[in-house]
Every structure is written in C-alpha cells, then in structure tokens.
Amino acid sequence: MSVNVNIISVPGQQQYDDGAFPIVLACQTEGATLEQVTAWVQENQTELAQQLTKAGTILFRDFPLAVDQDFDTFIKAFDFDNFRYEDSLSNAVRVNRTERVFTANEAPPEVTIYLHHEMAQTPIYPSKLFFFCEQAAESGGATPLCRSDILFQKMEEEIPEFAKACEDKGLLYTNIMPAENDPNSGMGRSWQSTFRAETKEEAESRLLELGYTWEWLDDGCLKATTPVLPAVRVLPDGRKTFYNQLIAAFKGWKDSRNDPSKAITLGDGTPLDKAAVLKAADLAEEITFDVPWQSGDVALVDNYLVMHGRRTFSGTRKVLASLVAAE
Ligand code: FE2
C-alpha cells in the first residue's frame, strides 16, 4: 500500500514568483509506517529533488518518525552522500547519535545562532541539510530560514555598492579556536578537532593545504584566517545567492575569544561597511520564515539557496541534523 502525501500550507509561509517557500508535504495516511514512507521517498526522489532545487526547503510533516534511528532510516532513502562532521571545518561542537545524525548545536538555549549557509566560512561545505525535530522546545527554538537569492536581489536594490563589493571581492573569515572544546560557545570547537590534528605541526600542514594563514596565541589558542572565499554563489539556473556567513559572523561570532568586528573583512582585507551589513541582516530578517517545529517534523534544506539559524528557546529542545556532501 502506498501512502498519501499532500502539499499543505502553514501560517507564515511565503510566496515568491516560483512558488511557496517552504514547500510543506504532509503524510495523510493514518497509521503509515516508516517502511511505507521510505518507499514513498524512493519512488519520488526525482520530484523531491526538483521541488528542493526550486523552493530551497521541503518540510515533511506528520511522517511517522519519532527517534534518531527513524530519522537516520528516512534520510537514507534519499540516497544522498553523507557529509561527515569529522571531515568538516565547522566551528560548532557536536555530538553524533548515529553515523549520519548529530545534535544540531550544543550551544545553550539563550544563544542565538544567526542566519548562515552551513560552513560557507570554510572551503569544505555540505550541499544540503536535514533537520529533525525529536522534541520541540517549550517555547521558542524555531529554525529561521531565509531565501538567499531573494535577499541578494533586495541587497542589489537597496545597498547596491555593498552587494557589488561582496560579489567582486569575496570575504575573509578569522576565528580563534580554543585548545580544548568549549561547549559553552556556539563556536567552541577546538583546533585539534577542527583540523584533525594532535600537534601544532599537524595543524599547520592542514592549514597550509587549505590556504589559511594563522597565528598561535600565548594561551594555546589558534587564530586562523581563511583564504578568500566567495560571498555570492551563482546557481546552475543563474540565480545569485548571498552564500556566506557574513551575518552570523558579524552578529554572532562573539565569545570569550572572538570579537565579531574583527572576524570578517572583504577579500582584500578592507573592513566591511557596518551599516550595510546591518541593513543586509535586517533585509534577511524581513523575509525569514520560522519553522514552527512539531515533534516528528523533518526539514530538507538546500544549503546553496537557503540560510538557517536557531532562535533562543526555553525547555528541552532536541533538533537533530544530518548533512549531505556536495556532488
Ligand atoms: Fe548551521
């Protein structure tokens, strides 16, 4: 027996020329099993991929998923290649639940994670992300999502010089990594874990290979600056997206080691126009959709097209994630 899955609408959903954002698919078969919905994913892979490319996000609602293992089984049905946390240069401290599934961010509830494209501040990034709500927070805890192509259009209209500077020059990101994981920071991953190194020499050879410049600090921390990374990405269909971590870095890269105003510059080393960055952040906020998590929901996000973040929350929130490698 096949399952009945239909497009539904949810409050706050956005409408663009090319359709709804996000696309919301609800499983409306009473008592559907995990086996049935994974079979449905397999049968509809092509159509799902097309919807994702167009809208940037698909939210799966009322599918029979309850725990991390169910999520793991569901995402395997898409046949995407896994992107391993060990291979990434992500700043976040993470804990794996299964080989593919990890806790989204261990940072405390009062910490806001600002909008970003996953790992766009490093040369190694995933093409897509899955989020799974195992347990919705008591209040707050939405995952804000923002269409980055729409944002860049608005930037070209409202802050054209800044949009052009970003596109032409790219960005440099600098961050200070601790010598030991710091779970109290949203960017507390140690340099050893980030670069899979045990010694400074091993870290240096990896930094060199990736095109970073660096400085060792007296307290054992590593201050690392990326090679010039693009701030704008052109998708295969010609849409330009504001593909970077500028907003997150500028507003959020703040902990006991990091000062956001020094974390990011244009690719030629010139400072950013602060007012323009704040304007870009405001424009993004205006077109942000907050995923109203219900336990069991899955969101599939195109990382090249849509930014994500995390609102503050109270109570227990368990949102798991899984990343898909670039093709
Ligand atoms: Fe993220």
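Everything that follows concerns the structure shown earlier in this document.
Residues numbered from 1 in each chain as written. Predicted model: local features only at pLDDT ≥ 70, side-chain atom pairs only at ≥ 80, totals over all residues. Heavy atoms only, no water.

Comments concerning the sheet that holds strand β1 (residues 5-8)
- Spatially, β1-β4-β5-β18-β8-β21-β6 is the arrangement adopted by the seven strands of the open sheet, whose pairing is mixed. Pairing within the sheet leaves two strands with one partner each, and these edge strands are β1 and β6 (102-103).
- Of the pairings in the sheet, the one linking β1 to strand β4 (residues 23-27) comprises four bridges and is antiparallel in character. When the bridges of β4 are listed, I7 appears paired with L25.
- In the packing of helix α3 (residues 68-76) onto the sheet, the strands contacted are β5 (57-61), β8 (128-135), β18 (298-302) and β21 (318-324), and the crossing angle to β8 comes to about 150 degrees. (Pairing = 2+ DSSP bridges. Helix = DSSP H or I, 4+ residues; strand = E, 2+ residues; numbered from the N terminus. Contact = heavy atoms within 4.5 Å. Axes fitted to C-alpha atoms, helices over the stretch in contact; angles between N-to-C directions.)

With respect to helix α7 (residues 200-210)
- Considered for burial, the residues of α7 that qualify are A203, R206, L207 and L210. Projected down its long axis, α7 carries its buried residues within an arc of 100 degrees, all on one side. Residues of α7 that are exposed and angled more than 90 degrees away from the buried face: E201, L208 and E209.
- Residues of α7 that are buried sit in contact with α6 (191-194), β12 (213-216) and β13 (222-225).
- G211, located one to two residues past α7, shows a positive phi value of around 85 degrees. (Buried < 20%, exposed > 50% of the residue type's maximum accessible area, 1.4 Å probe, protein only. Arc of directions from axis to C-beta.)

Describing the coordination of the iron ion
- At this site the iron ion is bound by H116 (NE2), E118 (OE) and H308 (NE2), with donor distances of 2.0 to 2.2 Å.
- Along the chain, the residues donating to the iron ion are arranged with the sequence spacing H-x1-E-x189-H. Highlighted residues: H116 in strand β7 (residues 113-116) and H308 in strand β19 (residues 306-310), separated in sequence by 192 residues.
- Given a relative accessible area of 9%, H116 falls into the buried group. (Donors = N, O, S within 2.8 Å, 3.2 Å for Na, K, Ca; no water.)

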